[in-house]
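Chain by chain, the residues run as shown.
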Amino acid sequence: MSYFLGFFQYISDLGATVMMPIIICIMGCILGAGFGKSLRAGLTVGIGFIGLNLVTGLMGDNLAPAVTQMAERFGLSLSVIDVGWPAAAQIAFASTVGTIIIPVCLAVNIVMLLTNTTQTVDVDIWDYWHFAFTGALVAVVTGNQVYGVIAAILNMVIIMVLGDWTAGGVEETLGLPGVSLPHGFTTAYAPIAMLFDWILDKIPGVNKISFDIEKMQKKFGVFGEPILVGTVLGIVIGAVAGYDIPAILQLGVNLGAVLVLIPKMAALLMEGLIPVSDAASEFIEKKFSNRGKIYIGLDSAVGVGHPMTLSVALVLVPITIFLAVLLPGNQVMPFADLAVIPWMFVLITPVVKGNGFRALIIGIITLAAGLYIATDLSQWITPAAQKAGFDMGSATAISSICDGANPLTWAITRLNWINPFVGIAVVGVIAVGLALMNRKKILKEAAEMHAAG
Amino acid sequence: MKRILLVCGSGICTSTAVNQKVTKALEDRGLKGQFQITQGKASEVAEKSKQFDLVISTTVLGGECHCPLVIGTAFLLGRGTEPIVDQIVEILQK
């Protein structure tokens, strides 16, 4: 396995902008998308990487010095820049684990389907990067790519099982029958939401509180517009940092540009992956369409439009910024990922059954914890980013409040930091245990279906 | 020229995937050059839909929509798309 990984190490040392076109092109050809289409797809991904680097470089150069100056003036400890999930996806796909993540995850899905440990055919190939991200961090803390690959696999197994278990809520609350959301970021919050929902249910008085938060969407709607969030945040940070007026205005427009341009570049990454993703999902679906009850695993973006999800996330944008400044020990300056708070709530919404009060409380708890997690993980995200040839501009430390604040990613990484054997063993036991529990449930349901039919 | 607003959660991921599929399906129906697709976010529908002839969404929508709306999650599932395409064609040819 180490020779095998050594080969991928060589390819990944070429730099993401060269490596990704090669990998995507080869993978597209193997899956039967044709050479011309695969080559164009590969180059599109490479171009997406270059575009992302230009924008994140601009962000680092503008935001980092301003935040540093602001922090120095007011004795804040904010020194880590939140570069956002597109950057995290780039780091993940460009890592050694990332180069083989697509075939590895396809194999995991197939094995799980064959052993009846999942009911989900996960056609959301793009979001495999979340598993690669965990793997890349584990590879950094252990210094061993093999542990990274194993960690990515275990991460996926856990998420696939949680995806099956939350599929009922997805159908009921989000109105998507036959769909599960095995998403590395969204789905990691499902067990946390269940836990806190249960606790809130046990507190007398508090368990009666419920309010409708959806009306707040109009009032807080402005927090959903990256162009305004970026510009206003830039102006505020510039002013607090003690810049003069021209510099304040320049910082505002520059940061507005960053938040508008990052998603455009990420769209190129996505576009380039479509031929591979289509071919892979067609392949896996054809093989497993004749089985019992099957869910199609989609990107949790299909659930983001729920009005409560959007409203809670909008309200939490300003709260997150205040938390970042107020919480002692937090070092992360939230920025690019303020736009992806809705993804955190896609599965929290069904768990709290539309109770806006509980969604807000769970959101504040998870975001506060998330800031500490993002602070802690930045020590490994930063070197992983450097290894991936990521342009940080003049920022010295980076993180993300999306995947850099993911509790499952953090737990897996920290356990492997203690000791890779302990880490893999503990996570392995949990993953296999969950898979076996799921198998029992699937077989029981299949027997009932059989008896009824 | 009919204007279509294609939305998902972020305006990036699933809308990019569905954009390619809808474009191909409509071109196969001989509508090439008669429509223009713009990608956007679900949260923008209430405000932007006035300027469009049709909204296709990959996600559930809560707010108001000021033009015909089609839910296009089927394009991500890769099955059951034919009736959706019929519906889109009908709206576009009105």
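S.K.: Summarise the overall build of chain B; cite the residues concerned and give the values.
M.R.: Broken down by element type, chain B carries 4 helices and 4 strands. Written out in order from the N terminus, the α and β elements of chain B read β-α-β-α-β-β-α-α. Here chain B has a C-alpha radius of gyration of 12 Å; the compact-globule value for 94 residues is 12 Å, and the two agree. Overall, the C-alpha framework of chain B stretches about 30 × 25 × 20 Å when taken along its three principal axes. When burial is assessed residue by residue, chain B has 40% of its 94 residues classed as buried. A separation of at least 24 residues holds for 57% of the contacts in chain B among residues at least 6 apart in sequence.

S.K.: Pulling in residues and values, what's your account of the overall build of chain A?
M.R.: Helix and strand content of chain A: 18 helices and 6 strands. Since a compact globule built from 453 residues should have a radius of gyration of about 22 Å, the 22 Å found for chain A is in line with a globular shape. C-alpha atoms of chain A, sized along the principal axes, occupy 75 × 60 × 40 Å. Of all intrachain contacts in chain A linking residues separated by at least 6 positions in sequence, the fraction that spans at least 24 positions is 81%.

S.K.: So what's going on with the interface of chain B and chain A? Which residues, and what values?
M.R.: Facing the 23 residues of chain B at the interface are 26 residues of chain A. Elements with a contribution of two residues or more to the side of chain B that touches chain A: α1 (13-28) and α3 (74-77) of chain B. When the residues that make up the side of chain B that touches chain A are grouped by side-chain class, the tally is 9 nonpolar, 14 polar and no charged.

S.K.: Could you give an account of helix α7 (residues 129-142) of chain A, naming the residues involved and the relevant values?
M.R.: Residues and elements named next belong to chain A. Between its first and last C-alpha atoms α7 spans 20 Å; for 14 residues at 1.5 Å apiece the expected length is 20 Å, and the two agree. Taking burial as the measure, the 14 residues of α7 include 14 buried ones, the bulk of the element. One or two residues past the end of α7 sits Gly 143, with phi positive at roughly 70°.

S.K.: Give me the lowdown on the sheet that holds strand β4 (residues 295-297) of chain A, citing residues and values where you can.
M.R.: Residues and elements named next belong to chain A. The strand order β2-β4-β3 describes an open sheet built from 3 strands, whose pairing is parallel. The open sheet is flanked by β2 (120-122) and β3 (179-180), the only strands paired with a single partner. As paired strands, β3 and β4 are joined by 2 bridges and run parallel to one another. Across the sheet, the residue bridging to Ser 180 is Gly 297, located in β4.

S.K.: Can you explain the sheet that holds strand β2 (residues 35-41) of chain B? Please cite residues and give values.
M.R.: Residue and element names in this part refer to chain B. In space, the 4 strands of this open sheet follow the order β2-β1-β3-β4, with parallel pairing throughout. At either end of the open sheet lies a strand with only one pairing partner, and these are β2 and β4 (69-71). Pairs of neighbouring strands in the sheet enclose a mean axial angle of 25°, with direction left out of account. Looking at chain direction, strand β1 (residues 2-8) and strand β3 (residues 54-57) are connected through 4 bridges and run parallel. Counted as the bridge partner of Val 7 is Ser 57 from β3. Taken strand by strand, α1 contacts β1, β2 and β3, and its axis lies near 145° from that of β1. Where helix α4 (residues 82-93) meets the sheet, its contacts fall on β1, β2, β3 and β4, and the angle it forms with β3 comes to roughly 160°.

S.K.: So what's going on with the nonpolar core? Residues and values would help.
M.R.: Of all hydrophobic cores here, the largest spans 181 residues; its most connected members are Ile 91, Ala 132, Val 157 and Val 276 of chain A. At 17 residues, the largest contribution of residues to this core is made by helix α8 (residues 145-174) of chain A.

S.K.: Tell me about the environment of Ile 237 of chain A, residues and numbers included.
M.R.: Residues and elements named next belong to chain A. Relative to the assigned elements, Ile 237 resides in helix α11 (residues 226-240). What makes Ile 237 buried here is the crowd of 23 C-beta atoms within 10 Å. Note: C-alpha distance between Ile 237 and Leu 251 (14 residues apart in sequence) is 8.5 Å. Not counting the four nearest positions on each side in its chain, Ile 237 is found in contact with Ala 66, Val 67, Met 70 and Leu 251.

S.K.: Which residues make up the pairing of β1 of chain B, and what are the values?
M.R.: All names here are of chain B. With 5 of 7 residues buried, β1 is to be regarded as a mostly interior element. Sheet topology note: the β1/β2 ladder contains 7 bridges and is parallel. Residue pairing across strands places Cys 8 opposite Lys 41, the latter belonging to β2. Read as a crossover between parallel neighbours, the route from β1 over α1 to β2 is right-handed.

Criteria and cut-off values
- Residues numbered from 1 in each chain as written.
- Chains lettered and ligands numbered in written order.
- Predicted model: local features only at pLDDT ≥ 70, side-chain atom pairs only at ≥ 80, totals over all residues.
- Helix = DSSP H or I, 4+ residues; strand = E, 2+ residues; numbered from the N terminus.
- Rg over C-alpha atoms; globule rule 2.2 N^0.38 Å.
- Buried ≥ 20, exposed ≤ 12 C-beta atoms within 10 Å, placed from the backbone.
- Contact = placed C-beta atoms within 7 Å.
- Nonpolar A, V, L, I, M, F, W, Y, C, P; charged D, E, K, R; others polar.
- Expected span 1.5 Å × (residues − 1).
- Pairing = 2+ DSSP bridges.
- Axes fitted to C-alpha atoms, helices over the stretch in contact; angles between N-to-C directions.
- Core = buried A, V, L, I, M, F, W, Y, C linked by C-beta atoms within 7 Å.
- Right-handed = clockwise from strand over helix to strand, strands pointing away.

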